Amino acid sequence: MDTNRFKASQDFSNTQKNLQDNPDYQAANYSQQVKDYISDRKSQKQEATKEGFMNHTRRTAREIWEEIEELASDAWDEHEREEK
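Residues numbered from 1 in each chain as written. Predicted model: local features only at pLDDT ≥ 70, side-chain atom pairs only at ≥ 80, totals over all residues. Heavy atoms only, no water.

Q: Where do I start with the overall build of the chain in this structure?
A: Helices and strands together make up the secondary structure of the chain, namely three helices and zero strands. Order of helices (α) and strands (β) in the chain, N terminus to C terminus: α-α-α. When each of the 84 residues of the chain is scored for burial, the buried share is 5%. Accessible surface for the chain amounts to roughly 7,900 Å². Of this, 50% is attributable to carbon and sulfur atoms. (Helix = DSSP H or I, 4+ residues; strand = E, 2+ residues; numbered from the N terminus. Buried < 20%, exposed > 50% of the residue type's maximum accessible area, 1.4 Å probe, protein only. Areas by Shrake-Rupley, 256 points an atom, 1.4 Å probe, with all protein chains shown as cover.)

Have a look at this one:
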């Protein structure tokens, strides 16, 4: 299985089409995350930077992946038990 290929329907050069195809990913969602990040930084009397926001977002994505990985592993283990 080739895991390095992206979905054929995904066109990285056409973000508007991608947003239409994936309604869960909306610019408004990220806009609210930016506002929340800036507010959080201000409440901690720290400077809000784009780099800091991107690092925060990257950590969040990693945590989400770890959760998905754990759920997938559990599903696999459960399927193996059912097969026996």
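Q: Whenever I open this one, a nonpolar patch on the surface confuses me. Can you help?
A: On the surface, Ile 64, Trp 65 and Ile 68 cluster together to form a nonpolar patch covering roughly 320 Å² of accessible area. Note that Ile 68 resides in helix 3 (residues 50–83). (Patch = residues over 30% accessible without salt bridge, like charges linked within 9 Å, V, L, I, M, F, W, Y side chains within 5 Å. Salt bridge = Lys/Arg side-chain N within 4 Å of Asp/Glu carboxyl O.)

Q: What is the right way to read the pattern of salt bridges from this model?
A: Should the charged atoms of two oppositely charged side chains come close, the side chains can pair. In the structure shown here, the tally under the stated rule is one salt bridge. We note a salt bridge from Asp 40 to Arg 41, for which the minimum N-O separation is 3.8 Å. Judged by its relative accessible area of 33%, Asp 40 falls in the partly exposed class.

Q: Would you explain a negative patch on the surface in this entry?
A: On the surface, Glu 67, Glu 70, Asp 74, Asp 77, Glu 78, Glu 80, Glu 82 and Glu 83 cluster together into a negatively charged patch. Here Glu 67 shows up in helix 3. On the basis of relative accessibility, which here comes to 53%, the residue Glu 67 falls in the exposed class. (Lys, Arg positive; Asp, Glu negative; His and termini not counted. Charge placed at Lys NZ, Arg CZ, Asp CG, Glu CD.)

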